Amino acid sequence: FIALNSLGAGYVLNGGIIAGGYGGTSDTGNAGGSGVSLAAGGQVTNQGLILGGGGSTGGTGGAGGIGVDIVDGTVANTGTITGGGGGTGGTYSATGGIGGVAVHVAAGILTNEGWVIGGNGGRGGEQGMSGGGGAGIALDAGNSLTNNGLIAGGNGGYVGGNGGTGVTLVAGSLSNAGTIVGGGGGSAGYGSGGGGGGTGVALDAGTLTNDGTIAGGGGGGAGLHYPTGGGGSGVSQASGSLLNRGRIAGGNAATGVGFGVGTLTNEGTITGGDGDLQFGGMFRGVGGAGVQLSSGTVINHGRINGGTGGSGFSYDNRDAAGIRFSNGGTVLNAGSIVGGAGSAQDGDAINFGNGQARLILLPGAYLGGSVVANAGFDSVIELANGTGPGALSGLGGTVTGFGAVEFDLHASWVIEGNTAGLSTGQTITGFTDDDLIKLSGVTATGVLYSSGVLTITIESGSAELRFTDLPVTFTAANFIVQNVATGVDVSLAPPCFAEGTRILTEHGPIAVETLRIGDRIPVLLEGGFQPILWIGFRHVECRRHPRPRDVWPIRVSRGAFGPDQPVRDLWLSPDHAVFINDVLIPIRTLTNDRTIRQEPRDEVTYWHVELARHDVLYAEGLPAETYLDTDNRRNFSNGNGPVRLHPDFASCVREAAGCAPLVVTGPTLESVKQSLNGIAENVRRGAVPAGQRRKEKRPA
């Protein structure tokens, strides 16, 4: 055996065995020697075995020696490096020695593709404490570690010694594609509980990237009268950033990741440890949180789970949250976050603690358990754009403490909640005709809208939905408020043609329901002919609406806008805009109860036509808008997604994206209404003979 215990600087290539010396015998116990020590820098390449020397037995067991101790240099390991075992306490109440660190780097770079294992702690005397296991790798500030092999902390000594940390890093970077585990705690014995498991990775500051496995060590087993030791966290990080694409797990009852302040991005799996078996297995204690933070940001595209716990007696498992903050923070969830299961109470999916919260959800995200924010802070739920529509339920029930809901641009969401979650002062921003609010447990008997507040009369009084950014021209007529089996649905409404409407094409007028993708249509503003890109349709049961006027079609009589405009009676949805005097005007604003009037129907089927750009086509000879894509295709039965239970038929976005200015009030509207009333009066008196009406023409 060869020991290189004091080498100033140089190069060590080992393909055999290097072992530190055993600590000499003494009353107090001596530490074992290092396998390799480079005091002034150099390089160690190990393809064999390097061992720290064992601590000797004494009144206090000697500490195990370090396997490789390098001040400034590089370590590359494809073999095995271990710390020495701690010495045994030699007297009745003596303490066992701590295990040696396998590799200590004060400054430098370490690459591991082999095994690095901390030394085991020494056993104490019959009434003494056992030694803790040594760390697998201990790196001081500014170092970097790349691991593709196995790194493990040493096990705690019997009885009750704590397991060693897999990797400790003061500041620097760690990239793991292998396995890092904390050492196991020593078993419980007479007079002592089990030792705590070691942390997988303990990082004060820096960056950690994990594509492999990091796990905290398990606590020592329980005795009949003494509890199991707590497990170690998978990762304990004070600050910096963590990217996980692999697996991180806490030991029994420990957190998967304990974080101070920083950013955690998870694309893999993080789990808290299951609760301890206590007192001979009579019950299981509380599980560990998946992620525990002071504050910061968690971005989750994978799975985060709290540990199972809380069995026996009346234990619950509320502390085993998927994510738990102390002082508020931000969570973006595109994956799954689940609280740990418990016999009396499951853990929260997310608990934001005592601070401001922002919860950002993408479609398809899953929350298993309650989401709790502190109502004393301005906490926000943000509903983001993603693939397909999203859904969030439980506002005011399992989701509490949030004061605002924000729909992102082009997002499509269905949200459900009770009056406590939606109508006790909460604000709603970004709501469009591609979103749906389901107010549960109530029945609507009336609706009013004023200054951004939609007041829904219900059996016990009223519920108020507060919108922050809808157009000032909105009225109650712009909302669809529909009683359904579970409560009330609230949505907005896009403009459409009623079935049977003839649209002018290059082959002449064709009923809208018989048009096909690719048919070419003459357009007024762009000029020429444009192919149809999409045709939407939806059947509406008007009789089921508490405000059926919001969906009853409006009949535009032949000649209502002048000779042969339209050429025959035309039915439009209330918010479909017609083109007149170089502006778009919703047809509902032009009703006069004579030539333009709303007609009750039990049901109606609406259609719409989309071209490459928003433009004006000819419906029964009358210029009217084409479909404007505001992400509301889900209102239609063929909109390539789940169909809304109760579609909207109005657009609050076309003012900005439309082909012409939208007019709903003011002098232009009044001038058009006056002109139409004049035409209606002439028709009433028979002053416009049918023979004077011009024949229908196809635009060039």
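Residues numbered from 1 in each chain as written. Predicted model: local features only at pLDDT ≥ 70, side-chain atom pairs only at ≥ 80, totals over all residues. Heavy atoms only, no water.

Colleague: Go over the overall build of the chain, please, and point to the residues and values.
Modeller: Scanning the chain from terminus to terminus reveals three helices and 58 strands. Across the 700 residues of the chain, 55% fall into the buried class. Long-range contacts, defined as pairs at least 24 residues apart, comprise 66% of the intrachain contacts of the chain with a sequence gap of at least 6. Surface accessibility of the chain: about 26200 Å² in total, with carbon and sulfur atoms responsible for 51%. (Helix = DSSP H or I, 4+ residues; strand = E, 2+ residues; numbered from the N terminus. Buried < 20%, exposed > 50% of the residue type's maximum accessible area, 1.4 Å probe, protein only. Contact = heavy atoms within 4.5 Å. Areas by Shrake-Rupley, 256 points an atom, 1.4 Å probe, with all protein chains shown as cover.)

Colleague: Explain the nonpolar core to me, and be specific about the residues and the numbers.
Modeller: One finds I323, I350, F352, L454, F467 and F479 to be the most contacted residues of the largest nonpolar core, which totals 85 residues. Look past the residues within four positions of F479 in its chain and what remains in contact with it is Y449, L454, F467, L470, F474, V490, S491, L492 and D550. L570, V578, I580 and L611 belong to the second largest nonpolar core, which has 33 residues in total. (Core = buried A, V, L, I, M, F, W, Y, C linked by side-chain atoms within 4.5 Å.)

Colleague: Summarise the sheet that holds strand β15 (residues 179–181); cite the residues concerned and give the values.
Modeller: Spatial ordering of the open sheet is given by β3-β6-β8-β10-β13-β15-β17-β19-β21-β25-β28-β31, a layout of 12 strands whose pairing is parallel. Looking at which strands have only one partner, the edges of the open sheet turn out to be β3 (17–19) and β31 (366–368). Geometrically, the sheet is characterised by an average inter-axis angle of 5° between neighbouring strands, direction not taken into account. Pairing of strand β8 (residues 80–82) with strand β10 (residues 115–117) involves three bridges; the strand directions are parallel. (Pairing = 2+ DSSP bridges. Axes fitted to C-alpha atoms, helices over the stretch in contact; angles between N-to-C directions.)

Colleague: Tell me about unusual backbone geometry, and name the residues and values.
Modeller: Leave glycine aside and you will find that most residues have negative phi; peptide bonds, for their part, are mostly trans. With an omega of 0°, the peptide bond running from Q565 to P566 counts as cis. Structurally, the position occupied by P566 is in the loop between β51 (554–556) and β52 (570–572). In this structure, H410 takes a positive phi of about 70° despite not being glycine. Structurally, H410 is set in the loop between β36 (404–407) and β37 (413–417). Of note, the phi angle at D582 is positive, near 65°, even though the residue is not glycine. Along the polypeptide, D582 turns up in the loop between β53 (577–580) and β54 (583–586). Residue class for D582 comes out exposed when judged on its relative accessible area of 59%.

Colleague: An account of the pattern of salt bridges is needed here, citing residue identities and associated values.
Modeller: Scanning all chains against the criterion turns up 15 salt bridges. Residue D211 is joined to R245 by a salt bridge in which the shortest nitrogen-to-oxygen separation is 2.6 Å. Of the two residues, D211 is situated in the loop between β16 (201–210) and β17 (213–215) and R245 in the loop between β18 (235–244) and β19 (247–249); the sequence distance between them amounts to 34 residues. A residue is classified by how much of its surface remains accessible, and R245, at 40% relative accessible area, is partly exposed. (Salt bridge = Lys/Arg side-chain N within 4 Å of Asp/Glu carboxyl O.)

Colleague: Got a sec to walk through the pairing of strand β20 (residues 257–266)? Specific residues and values, please.
Modeller: Across the 10 residues that make up β20, a large majority, eight, are buried. With nine bridges connecting them, β18 and β20 associate as parallel partners. Of the residues in β20, the one forming a bridge with L242 is L264. Where β20 meets strand β24 (residues 291–300), nine bridges bridge the pair, whose relative direction is parallel. What sits directly across from N266, in β24, is N300.

Colleague: Provide a residue-level description of the packing of aromatic side chains, including the pertinent values.
Modeller: By the definition in use, this model includes seven aromatic pairs. Their ring planes at 90° and their centres at 6.1 Å tell us that F352 and F402 sit as a pair that is edge-to-face. Of this pair, F352 sits in the loop between β29 (350–351) and β30 (357–361) while F402 is found in the loop between β35 (399–400) and β36, placing the two residues 50 residues apart along the sequence. Considered together, F352 and F402 belong to a single accessibility category, that of buried residues. Measuring from ring centre to ring centre gives 5.0 Å for W534 and Y627, while their planes differ by 55°; the resulting arrangement is tilted. In this pair, W534 is assigned in strand β50 (residues 534–541) and Y627 in the loop between β58 (622–625) and α2 (654–657), connecting sequence segments 93 residues apart. Overall, W534 belongs to the buried group, its relative accessible area being 9%. For Y627, a relative accessible area of 2% translates into the label buried. By way of ring pairs, the aromatic residues F407, F431, Y449, F467 and F479 are connected into one cluster. (Phe/Tyr/Trp six-rings, centres within 6.5 Å; stacked < 30°, edge-to-face > 60°.)

Colleague: How would you sum up the side chain of D489? Please name residues and give values.
Modeller: Tracing the backbone through its elements, the reader meets D489 in strand β44 (residues 487–492). Taking the relative accessible area as the measure of exposure, D489 reaches 1% and is therefore buried. Polar side-chain contacts of D489 include one of 2.9 Å to the side chain of K438. (Polar contact = N/O pair within 3.5 Å; in protein donor to acceptor, adjacent residues only side chain to side chain.)

Colleague: Run through the pairing of β58, naming residues and quoting values.
Modeller: Along β58, one buried face is formed by L622 and A624 and the opposite face, lined by P623 and E625, is buried too. Pairing of strand β57 (residues 616–619) with β58 involves four bridges; the strand directions are antiparallel. When the bridges of β58 are listed, A619 appears paired with L622. Between the antiparallel neighbours β57 and β58 lie two residues, among them E620 with a positive phi of about 50°.

Colleague: Pulling in residues and values, what's your account of the environment of A463?
Modeller: Tracing the sequence through the fold places A463 in strand β42 (residues 461–467). Separated by 45 residues in sequence, A463 and N418 have C-alpha atoms that sit 9.7 Å apart. Apart from residues lying up to four places away in sequence, A463 is in contact with T419, S423, L439, L454, T455, I456 and I458.

Colleague: Please give an account of the side chain of T199 that cites residues and values.
Modeller: Looking at where T199 falls in the secondary structure, it is placed in the loop between β15 and β16. For T199, a relative accessible area of 18% gives the class buried.

Colleague: Which residues make up helix α3 (residues 667–684), and what values do they have?
Modeller: For α3, with 18 residues, the first-to-last C-alpha span of 25 Å sits near the 26 Å given by 1.5 Å per residue. Every buried residue of α3 is listed here: L669, V672, L676, I679 and A680. Projected down its long axis, α3 shows its buried positions confined to an angular sector of 100°, all on one face. Of the exposed residues in α3, those oriented more than 90 degrees away from the buried face are P667 and Q674. (Expected span 1.5 Å × (residues − 1). Arc of directions from axis to C-beta.)

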